[in-house]
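Here's the letter readout for the chains.
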Amino acid sequence: MFRKRTIKKNAELEAKSEQYLAGFESVSSIFKNHSSKPETITFAVDESLIEEPIEEPIEEPIEEPIEEPIEEPIEEPIEKPIEEPIEKPMMSESDLAKPSTSKTVQFIQEAQKLGDRTIKPFVDYNEGHLCYPILLKIGEEQDNITYLDGLVTDGILEQKIYEKLIVCPIHPDTFSSSIRLYCTKCHSMNVEKLNLFEHKKCGYITESTNFDFTDHENSSCPSCKKPIKNFDKEIRVPAMWYQCNDCAEKFDNAVIKLHCRKYEHDFDTNSGQFVTTYSYKLKNSETSINTDTCQIKDELMKLLQGFNFTAELNVSIEGKSGNVHEIPIYGKSKTTNESIIIFIKNQPNGIDQSDMNSILVPKLDINPTNTLLVTVSGVNDGVENLAKHYGIDLIAEPDFSQIIARVEEFVSEWYLKNNDKGQNSKFETIVSEWYLKNGAKK
């Protein structure tokens, strides 16, 4: 009887152990979802020899976690990092066929209406204000010179010096200045410039105060009475000097001063400061290329924002050396310190090493996590090897929609890699702690 009874208890224990194994599988899934109820198994094991209480600890800790923690925590982490960020940039592709929404495309259309396709500045000399009224037509501030400089970087506009203004060193906020001539003897401003004229045909010589050959009403020589039809060919100017009307002093060189008109004082020409104004001319490259460049920038901004990046356009970034670099597109992750800079270059003759050199300096100084160079132009020999050597990802496609797709693929893989890495690290930490507590065999 004693042996039969022992066999019966062993059979019961085996049946109970199978129930515990099934329960342990459910508890292991709870560990994956950070459940905090694994201690109920310990009570079940301690009371394994008691027949009646066995059913209660098995039903309560096992059935409740199966319904609540398994269904909710597993579905949410999968949907948030994978589905939502990928779908957002994909939805932006529906806007690719809307070039009129881009400010830069509207700017190109406005620039094409100009006769010489040149955007010239408007200067308020009294207030010292420099602006470009064409920017108001696209909704930008008319003094947003950074916007125009960004189009120069993109190869859409060509920058030229329009005028160099000499401004007062004491009041550089005003551009209004004039030139004043002073007598070398009495310092009077009542100075007059005189010329000595000679008629080549008859040799007649006179001062400009006596007879002015440039006057069309008196277009004949007072000596030979012959008409003067062409001043440059018939009249020679052998000498020029200045005369003070106050002291009658004659001198070759007058004293030249610059006058600050707003604050009414003179300053020396050597102490004046220069303010350079620029005009911007639309390049003769195809408008379609320029339009693609604008749309690429707009779509890349939307793409980065869809992947939880803060994206900035034509931003100034200070590098490790302290120098400031102009970056077409700069993005930084909202969850990590990782960053990306994107350069957009389009050249009629293709991207060469000089274009790469202009990228290397800010890339090495800022040292972002990733650097992209995108272009719809061709790539010359040696550029790919140079980009690979310095860790620059080069994307060259003839169609800008293909560029967007490749950049999206690049950022998507980068995003998912970092996201999976973060999730796996948390899970591995939980599992390792459980192994240390309960043993690797379990």
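Located above this text is the structure these notes cover.
Engineer: Talk me through helix H6 (residues 145-153); I want residue IDs and the actual numbers.
Structural biologist: For H6, the complete set of buried residues consists of Tyr147, Leu148, Gly150 and Leu151. Projected down its long axis, H6 shows its buried positions confined to an angular sector of 155°, all on one face.

Engineer: An account of the sheet that holds strand E9 (residues 250-251) is needed here, citing residue identities and associated values.
Structural biologist: Read across the sheet, four strands follow the order E7-E6-E8-E9 without closing on themselves; strand pairing throughout is antiparallel. Both edges of this open sheet fall to strand E7 (205-207) and E9, since each of them pairs with a single strand only. Taken together, the two bridges between strand E8 (residues 235-244) and E9 define a ladder with antiparallel strand orientation. Within E9, the residue paired with Tyr242 across the bridge is Phe251.

Engineer: Run through the environment of Ser321, naming residues and quoting values.
Structural biologist: Looking at where Ser321 falls in the secondary structure, it is placed in the loop between strand E13 (309-318) and strand E14 (324-333). When its relative accessible area of 48% is taken as the criterion, Ser321 is described as partly exposed. Expressed as a C-alpha distance, the spacing of Ser321 and Ile366, which sit 45 residues apart in the sequence, is 8.6 Å. A polar atom in the side chain of Ser321 sits 3.2 Å from the side chain of Asn323. Engagement of the side chain of Ser321 in a polar contact is seen with the side chain of Asp365, the distance being 2.7 Å.

Engineer: Got a sec to walk through the sheet that holds strand E10 (residues 255-260)? Specific residues and values, please.
Structural biologist: Here three strands make up an open sheet; going across it, the order is E5-E10-E11 and the pairing antiparallel. The strands lining the two open edges of the sheet, one partner per strand, are strand E5 (177-182) and strand E11 (265-267). Neighbouring strand axes in the sheet, compared pairwise and without regard to direction, differ in orientation by 40° on average. Of the strand pairs in this sheet, E10 and E11 are connected by three bridges, and their pairing is antiparallel. Looking across to E11, one finds that Leu258 is bridged to Phe267.

Engineer: Please provide a residue-by-residue account of the packing of aromatic side chains, values included.
Structural biologist: All told, the structure shown has five aromatic pairs when counted by the stated rule. Ring plane angle 80° and centroid distance 6.2 Å describe the contact between Phe107 and Tyr147, whose orientation is recorded as edge-to-face. Of the two residues, Phe107 is situated in helix H5 (residues 103-112) and Tyr147 in helix H6; the sequence distance between them amounts to 40 residues. For Phe107, a relative accessible area of 0% corresponds to the buried category. Classification of Tyr147 as buried rests on a relative accessible area of 11%. Measuring from ring centre to ring centre gives 5.6 Å for Tyr132 and Tyr280, while their planes differ by 70°; the resulting arrangement is edge-to-face. Taken together, the positions of Tyr132 in the loop between strand E3 (129-131) and H6 and Tyr280 in strand E12 (residues 273-282) put the pair 148 residues apart, joining distant regions of the chain. Residues Tyr132 and Tyr280 agree in their burial class; the two are buried.

Engineer: So what's going on with the nonpolar core? Which residues, and what values?
Structural biologist: In terms of nonpolar packing, the biggest core is built from 23 residues, with Ile296, Leu300, Leu304, Ile342, Val374 and Val407 touching the most fellow members. At the level of elements, helix H8 (287-306), E13, strand E15 (339-344), strand E16 (370-375) and helix H11 (400-438) are the ones that each hand at least two residues to this core. For this core, the leading source of residues is H11, giving seven residues. Contacts of Val407, omitting those with residues within four sequence positions, involve Leu300, Leu303, Leu372, Val374 and Ile395. The next biggest cluster of nonpolar side chains, apart from the first, holds 17 residues, and it includes Val315, Ile317, Ile359 and Ile392.

The rules we used
- Residues numbered from 1 in each chain as written.
- Predicted model: local features only at pLDDT ≥ 70, side-chain atom pairs only at ≥ 80, totals over all residues.
- Heavy atoms only, no water.
- Buried < 20%, exposed > 50% of the residue type's maximum accessible area, 1.4 Å probe, protein only.
- Helix = DSSP H or I, 4+ residues; strand = E, 2+ residues; numbered from the N terminus.
- Arc of directions from axis to C-beta.
- Pairing = 2+ DSSP bridges.
- Polar contact = N/O pair within 3.5 Å; in protein donor to acceptor, adjacent residues only side chain to side chain.
- Axes fitted to C-alpha atoms, helices over the stretch in contact; angles between N-to-C directions.
- Phe/Tyr/Trp six-rings, centres within 6.5 Å; stacked < 30°, edge-to-face > 60°.
- Core = buried A, V, L, I, M, F, W, Y, C linked by side-chain atoms within 4.5 Å.
- Contact = heavy atoms within 4.5 Å.

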